[in-house]
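In case you want the letters, here they are:
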Amino acid sequence: MEYRSFLIKYAEIGTKGKNRYLFEDALIKQMKRALKNVDGQFVITKESGRIYVETEGEYDYDDAVDALRRVFGIVWICPMVQFEDKDYENIKKQVVAYMDEVYPDKNLTFKVNTRRGDKSYPHKSEEINRDLGEVILNAFPEMKVDVHHPDVLLHVEVRRKVNVYSLMIPGAGGMPVGTNGKAMLLLSGGIDSPVAGWMIAKRGVKIDAVYFHAPPYTSERAKQKVVDLAKLVARYSGPIALHIVNFTDIQLYIYEKCPHEELTIIMRRYMMRIAEQIANDTGCIGLITGESIGQVASQTMQSLLCTNDACTLPVYRPLIGFDKQEIVDISEKIDTYETSVLPYEDCCTIFVAKHPVTKPNLNVIRKSERNLEEKIDQMVEEAIRTKEVVWCD
């Protein structure tokens, strides 16, 4: 069947009371963004509790569905037949035609589920269920009714128009991007941070990102890998401003002046400071990292305490209780895994101490950082001033 319309279903948005329209409008905005690169013309409309996508002329069905599946806030995408003539006999005729075309193999069970949004309609839901079930059975005797576990659950909605659908394609869920503020993602070339950004964006947060580049120790391929990851996340989150900071001089200075077993923690603290300053300059009200407790030396509870001490903005760690396989599973789901495992090192994987401290003492770390006082402020200022910004969409 060539579907000309889609019913878009949401979940959490329906709990927003008088503010629900704001979330619906944000969802529609993200849907338009997602569909702009799909072949075809699309018109998005809404009525009470419903959002519709209607197509005009030829369009790419598969690409349209794929685009909508990446929009946070959508729970179900329902390709449907929609018609204006609510004459009872016409509804029966349309339903039989739908079942005939969508299900060429008639050896199946079904159930009709009617919702009568138009309360002035003279036939009640139970009556419609019964009568439509009867005409389907008369048209296709090999079909059977199963009200508990049907092969096909046929939905019929009598509203301003009549909506008929049975396919329900799962969406990304969550909340529309842009409804819960903006945060800065510390993005590396690894598996974890793209997943963390995706998870926070799923809660409606607009994200930008910062990447710490260390040429010549990290290559242009490593930088391009991170740009590619940002673009993959942006398919869900919308455009991402990726701030690329040259971290080489700061990293070498820390290596020269600080105990090597503390290198990772001190380096991480300066990343947080720089990310926070860029966040403040760009209207972000939080930082996002891909840290998970105990995964590496810099992610023990003591290490995270030291990292948090370096900034004042809240730090969101959506992966904090995940094990590695759980993170990998999500990265495969959102198509970042294959890019993340490309063998191009980033600055987090060079200058690694043979025996990094796993239970750093905050007072000791602060004391070690005093060795940097002569130059570090100017170096941080210069790194921020000379950063490169790449727009990823």
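In this report, we go over the structure that sits alongside the text.

1. Notes on the packing of helix α3 (residues 88-102) against helix α4 (residues 125-139)
Reasoning step 1: Between α3 and α4, the shortest axis-to-axis distance is 10 Å and the interhelical angle comes to 50°. Judged by the inter-axis angle, α3 sits oblique to α4. Between α3 and α4 lies a crossing of right-handed hand. For the pair α3 and α4, the contacting residues are Y88, I91, K92, V95, V96 and M99 in the first and E127, I128, D131, L132, V135, I136 and A139 in the second.
Reasoning step 2: For the contact of α3 with α4, a count of residues per class yields 10 nonpolar, no polar and 3 charged.

2. Describing the pattern of salt bridges
Reasoning step 1: Enumeration according to the criterion identifies 26 salt bridges in this entry.
Reasoning step 2: The partner of K36 in a salt bridge is D393, with the nearest N and O atoms 3.8 Å apart. Note that K36 is positioned in the loop between α1 (20-35) and β2 (41-47) and D393 in the segment after β15 (388-392), a separation of 357 residues in sequence.
Reasoning step 3: Note that E84 and K161 form a salt bridge whose closest N and O atoms lie 3.8 Å from each other. Here E84, found in the loop between β4 (76-83) and α3, pairs with K161, found in the loop between β7 (152-158) and β8 (162-165); they are 77 residues apart in sequence, far enough to count as distant.
Reasoning step 4: By relative accessible area, which is 60% here, E84 ends up exposed.
Reasoning step 5: Take K161: its relative accessible area is 14%, and that puts it in the buried class.
Reasoning step 6: Each of R269, R273, D309, R366 and E369 takes part in salt bridges that share partners, so that together they form one network.

3. Thoughts on the sheet that holds strand β14 (residues 315-316)
Reasoning step 1: An order of β14-β13-β10-β11-β12-β15 is seen for the 6 strands of this open sheet, with the pairing classed as mixed. Sheet topology places β14 and β15 at the edges, where each strand pairs with a single neighbour.
Reasoning step 2: Across the sheet, helix α6 (residues 220-237) lies against β11 (206-213), β12 (240-246) and β15, angled at about 160° from β12, the strand it touches most.

How each quantity is defined
- Residues numbered from 1 in each chain as written.
- Predicted model: local features only at pLDDT ≥ 70, side-chain atom pairs only at ≥ 80, totals over all residues.
- Heavy atoms only, no water.
- Axes fitted to C-alpha atoms, helices over the stretch in contact; angles between N-to-C directions.
- Helix = DSSP H or I, 4+ residues; strand = E, 2+ residues; numbered from the N terminus.
- Parallel < 35°, antiparallel > 145°, perpendicular 65-115°, else oblique.
- Left-handed = near helix turned anticlockwise from the far one by under 90°.
- Contact = heavy atoms within 4.5 Å.
- Nonpolar A, V, L, I, M, F, W, Y, C, P; charged D, E, K, R; others polar.
- Salt bridge = Lys/Arg side-chain N within 4 Å of Asp/Glu carboxyl O.
- Buried < 20%, exposed > 50% of the residue type's maximum accessible area, 1.4 Å probe, protein only.
- Pairing = 2+ DSSP bridges.

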